Amino acid sequence: MNKKSRGFLIAVLAVIVLALSSCSSCGRRVTPPQAGKLTIRFLDVGQGDSELIQLPNGHAILIDSGDRGAPTVGLLRRYGVGAVDLVVATHPHSDHIGEMRDVLREFRVAEFWDSGFVNSTRTYTDMLQEIKARGVLLQSPKRGVTRTFGDVSLEVLNPGPAFIDDSPNNASLVVLMTYGAKRFLFTGDAELDAWSEMVTADAGKLRADLLKAAHHGSSNGSSADILDAVRPSIVTISCAAGNDYHYPHPRVVRLLDQRRNAIALYRTDIEGTITAVCDGNTIEMSSEKQAAGGLYLTGDQAAGNVPDAGRKGERRSSRRSR
Ligand SMILES: [Zn+2]
């Protein structure tokens, strides 16, 4: 092949790669997983949690599925997922497991981790039924369980040997993921009591470069003490714009604003799906949308001139909360 046709071929391939990496139906750019790198996507599933982890070896792990009706299956397909090595259901609230049945039906899942906290809801029993019907290996790992997936390791930090109370949130599977020198902390909806137990068990384990704020940025999932223990340089918050619970709580946003020189904040309600790509030494962040109005409190919110995040919503959330 002469130089000219080689150049032409390279140009054609570049156009094809660019076309494949963008979503033609929605016009949004999709960052494809990169070989040899860990790609974590905090999926924009509205009010709920779902994190897709694409491992350096091309395999996939899914933590939570978002609520019933969330576009999770479509997003997994868009990001090129074929099979899932491990699905983690942090706890049995519908905003975390609502789409699990469809995920199990659409993708081959090798193993499933559940918190072991029994819930009587239809969503939860349907999920268990689907796991059983498909012969998926079901486990309820406790604190201290570790697993490796190629170069990536997972360690369970919560729950401990026994549940600390009757709150599904505090039973959340909290998972520390390590790749090279970087650590990522996935927290479900763990509330302050679960955090204090994790600090007592081994505060050093909580240290992470990227923290998914617990419980959608609720004030019962984040505190100055937690940030001091984790010392993240990146915090992500997963919630829907204008959600009924008024997440994230202004107190949490203020706390992160005060530390904005040390912590970069990302929010799915403002920025859509958030992507972290890690080569083992650095983490590169990107998001679907620009945060035109900023990520922190507006002047009116800071002055308390708009309805506060929801004291009402949070009281409700601490009981039957999601
Ligand atoms: Zn939740």
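Predicted, not measured: the structure shown is a model, and the values here were computed from it.

About the cut-offs
- Residues numbered from 1 in each chain as written.
- Predicted model: local features only at pLDDT ≥ 70, side-chain atom pairs only at ≥ 80, totals over all residues.
- Helix = DSSP H or I, 4+ residues; strand = E, 2+ residues; numbered from the N terminus.
- Buried ≥ 20, exposed ≤ 12 C-beta atoms within 10 Å, placed from the backbone.
- Contact = placed C-beta atoms within 7 Å.
- Arc of directions from axis to C-beta.
- Pairing = 2+ DSSP bridges.
- Axes fitted to C-alpha atoms, helices over the stretch in contact; angles between N-to-C directions.
- pLDDT = per-residue confidence, 0-100.
- Core = buried A, V, L, I, M, F, W, Y, C linked by C-beta atoms within 7 Å.

Re the overall build of the chain
What the chain contains, in helices and strands, is 11 helices and 15 strands. Here the chain, with 322 residues, has 43% of them falling under the buried criterion. Nonlocal contacts in the chain, meaning residues at least 24 apart in sequence, comprise 67% of its contacts between residues at least 6 apart.

What about helix H8 (residues 250-258)?
Regarding H8, the residues found buried are Pro250, Val252, Val253 and Leu256. Seen end-on, H8 carries its buried residues on one side only, within an arc spanning 160 degrees.

Details of helix H6 (residues 192-202)
Looking at H6, one finds that the buried residues are Ala194, Trp195 and Met198. The buried residues of H6 occupy an angular sector of 100 degrees when the element is viewed end-on, so they sit on one face. Looking at the packing, one finds that the buried side of H6 touches strand E8 (152-158), strand E9 (174-179) and helix H7 (224-230).

Comments concerning the sheet that holds strand E15 (residues 283-287)
Overall, mixed pairing links the eight strands, which are arranged E6-E5-E4-E3-E2-E1-E14-E15 in an open sheet. The two strands at the open ends of the sheet, each matched to only one other strand, are strand E6 (137-139) and E15. Averaged over all pairs of adjacent strands, the angle between strand axes in this sheet comes to 15 degrees, irrespective of strand direction. In this sheet, strand E2 (residues 51-54) lies alongside strand E1 (residues 38-42) in antiparallel orientation, the contact comprising four bridges. Bridge assignment links isoleucine 40 to a residue of E2, and that residue is isoleucine 53.

Here's the deal with the sheet that holds strand E11 (residues 210-212)
One open sheet holds the seven strands; their spatial order is E7-E8-E9-E10-E11-E12-E13, and the pairing between them is mixed. Every interior strand has two partners, whereas the edge strands, strand E7 (146-149) and strand E13 (264-267), have only one. Ignoring strand direction, the axes of neighbouring strands in this sheet form an average angle of 20 degrees. Pairing of E11 with strand E12 (residues 234-237) involves three bridges; the strand directions are parallel. Counted as the bridge partner of leucine 210 is isoleucine 234 from E12.

With respect to the pairing of strand E3 (residues 60-63)
Going residue by residue along E3, you find Ala60 and Leu62 tucked away on one face and Ile61 and Ile63 tucked away on the opposite face as well. The sheet contact formed by E3 and strand E4 (residues 83-89) spans three bridges and is parallel. Opposite leucine 62, over in E4, you have valine 87 as the bridge partner.

Digging into the confidence of the model for the chain
Taken as a whole, the chain shows an average pLDDT of 89; of its residues, 84% reach a score of 70 or greater. Looking at the elements of the chain, mean pLDDT is at its lowest for helix H11 (residues 311-320), recorded as 38, and at its highest for strand E10 (residues 182-186), recorded as 99. The low-confidence segment residues 14-27 (pLDDT under 50) makes eight contacts with residues lying over four places distant or belonging to another chain. Scored below 50 in pLDDT, residues 308-320 makes 20 contacts in the model with residues more than four places away or belonging to other chains.

A look at the nonpolar core
The biggest cluster of nonpolar side chains holds 70 residues, and the ones touching the most others in it are Ile61, Leu62, Val87, Val88, Val175 and Val230. Sorting elements by how many residues they give to this core places E4 first, with five residues. Excluding its chain neighbours within four sequence positions, the residues that come into contact with isoleucine 61 are Ile53, Leu55, Val84, Asp85, Leu86 and Phe149.

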